[in-house]
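Inside the fold
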Amino acid sequence: MPKSGQSIRIGITGVPGVGKSTFIEAFGTYLTSLGKKVAVLAIDPTSQQSRGSILGDKTRMDKLAVNNQAYIRPSASGKTLGGVGQKTQETIILCEAAGFDIILVETVGVGQSETEVYSMTDFFLLLMIAGAGDELQGIKRGIMEMADAILINKAEGDNLVKAKQAKREYANALHLFPAKESDWIPKVELCSALEETGITEAWDIIESYVIKTKTTGYFDLNRKRQTKDWFYKFLHHQILTSFYQGKETSNKLKELEELVLNGEISPFEASRIMLTQPS
Ligand code: GDP
């Protein structure tokens, strides 16, 4: 733990197909060219069922995968005590202690994983593409609200005009959101992960965010808050797990459940009995 905490943790999200892997490949490669060590982690809620797509993850970023300055970790899989986020959270700490300067945490799924990534990173980057409505992109207002920057990807060729239009629209939309606690005004930029444009600009934005929030103290405050939240989250998981693993628990639960369903006692009374009366 004392050796951790020195990195910049960047969350990257966007619907499947928007270009996350392609972007991370280009962005990560650029960062290594600056002499930085880059770790790429992923949160994939679906991998709990499919046991992770180890091969898929590795081959999605083939340049970065063979880069000595980079480490790509396949999505956490299997049942973990603290949910899919726990392993990623622990890996962040481990990567930092191993000397990685930048940790990119990608969400592979859509839905709850964005919030998990948001709760373990310093900067939250949302990738979008022009021409698809928000509904089509499956991006909820809440996710846009979390973003510190929106990158409109695939902004090249015939798509450039639409991308510029989208940039204006998103910039306007972001103005309508309440000011962020960090005091940071979210940025909207164009990029083409494929043609590797907008990559240095993306890094410039993140660097200025870090400088600003370190100066105001928000960076450290946010880290502390996140660490505290994770502590309680894991604690709650462990309390629940040890409770349900308790001897006699399931029999007693069944009995009480039946009483509740028969209308003999209230759910509240049943839970009180469950926790206070030895079986
Ligand atoms: P992910 O599912 O968000 O990780 O998206 P991928 O990185 O796998 O990209 C999905 C598809 O979009 C692939 O066929 C990419 O080659 C393509 N793609 C990604 N970035 C760009 C870009 O900047 N421009 C264009 N034209 N295609 C891109």
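Residues numbered from 1 in each chain as written. Predicted model: local features only at pLDDT ≥ 70, side-chain atom pairs only at ≥ 80, totals over all residues. Heavy atoms only, no water.

With that out of the way, let us pick up the overall build of the protein chain. Each helix and strand in the protein chain was counted, giving 13 helices and seven strands. Counting only residues that meet the buried cut, the protein chain has 46% of its 279 residues in that class. Sequence separation of 24 or more characterises 77% of the internal contacts of the protein chain that already satisfy a separation of 6 or more. Carbon together with sulfur atoms contributes 56% to the accessible area of the protein chain, which is approximately 14,900 Å² in total. (Helix = DSSP H or I, 4+ residues; strand = E, 2+ residues; numbered from the N terminus. Buried < 20%, exposed > 50% of the residue type's maximum accessible area, 1.4 Å probe, protein only. Contact = heavy atoms within 4.5 Å. Areas by Shrake-Rupley, 256 points an atom, 1.4 Å probe, with all protein chains shown as cover.)

As summarised here, the arrangement of the seven strands in space is E3-E2-E4-E1-E5-E6-E7, forming an open sheet in which the pairing is parallel. A strand with exactly one partner marks an edge of an open sheet, and here the two such strands are strand E3 (70–72) and strand E7 (187–190). Averaged over neighbouring strand pairs, the angle between their axes works out to 20° when direction is ignored. Both strand E2 (residues 38–43) and strand E4 (residues 102–107) contribute to a ladder of six bridges, which runs parallel. Looking at E4, one finds that Val 40 is bridged to Leu 104. Lying on the sheet, helix H1 (residues 20–33) is in contact with strand E1 (8–13), E2, E3, E4, strand E5 (123–129) and strand E6 (149–153); it crosses E4 at an angle near 180°. Contacts from helix H10 (residues 199–216) reach E1, E4, E5, E6 and E7, with the element oriented near 130° to E1. (Pairing = 2+ DSSP bridges. Axes fitted to C-alpha atoms, helices over the stretch in contact; angles between N-to-C directions.)

Right, let's talk about the site of the ligand for a bit. Neighbouring residues of the ligand: 15 residues in total, closest Gly 17, Lys 20, Ser 21, Thr 22 and Glu 156. Contacts to the ligand include Ser 192, whose side-chain N or O atom sits 3.3 Å from an oxygen atom. Between the ligand and Ala 193 there is a distance of 2.9 Å, counted from an oxygen atom to a backbone nitrogen or oxygen. For the ligand, the accessible surface in isolation is 580 Å², of which the surrounding protein chains cover 69%. The element that contributes the greatest number of residues to the shell around the ligand is H1, accounting for three residues. Taken together, the residues that form the shell around the ligand break down as five nonpolar, six polar and four charged. (Near = heavy atom within 4 Å. Polar contact = N/O pair within 3.5 Å; in protein donor to acceptor, adjacent residues only side chain to side chain. Nonpolar A, V, L, I, M, F, W, Y, C, P; charged D, E, K, R; others polar.)

To continue, consider the packing of aromatic side chains. Under the definition given, this model contains nine aromatic pairs. With a centroid separation of 5.0 Å and an interplanar angle of 80°, the aromatic rings of Phe 243 and Tyr 244 are classed as edge-to-face. For Tyr 244, a relative accessible area of 51% puts it in the exposed group. Across the ring face of Phe 100, the terminal group of Lys 37 is positioned such that the distance to the ring centre comes to 4.7 Å. (Phe/Tyr/Trp six-rings, centres within 6.5 Å; stacked < 30°, edge-to-face > 60°. Lys NZ or Arg CZ within 6 Å of the ring centre and 35° of its normal.)

Next up on the list: the packing of helix H12 (residues 249–261) against helix H13 (residues 267–276). Packing of H12 against H13 brings their axes to within 9 Å, and their N-to-C directions diverge by 160°. One finds that H12 runs roughly antiparallel with respect to H13. Viewed along their axes, H12 and H13 form a crossing whose handedness is right-handed. Counting all contacts with H12, which are made through Thr 249, Lys 252, Leu 253, Leu 256 and Val 260, the residues of H13 involved are Pro 267, Ala 270, Ile 273 and Met 274. Considering only residue class, the contact of H12 with H13 consists of seven nonpolar, one polar and one charged. (Parallel < 35°, antiparallel > 145°, perpendicular 65-115°, else oblique. Left-handed = near helix turned anticlockwise from the far one by under 90°.)

Inspection of every chain in the model, using the stated rule, returns eight salt bridges. A salt bridge links Glu 196 to Lys 63; the nearest nitrogen and oxygen atoms lie 3.5 Å apart. Residue Glu 196 is located in the loop between E7 and H10, and its partner Lys 63 is located in helix H4 (residues 62–65); the two are separated by 133 residues in the primary sequence. Among the salt bridges present, the one from Asp 122 reaches Arg 223, with a minimum N-O distance of 2.8 Å. (Salt bridge = Lys/Arg side-chain N within 4 Å of Asp/Glu carboxyl O.)

All quantities given are derived from atomic positions and should not be read as evidence of function.
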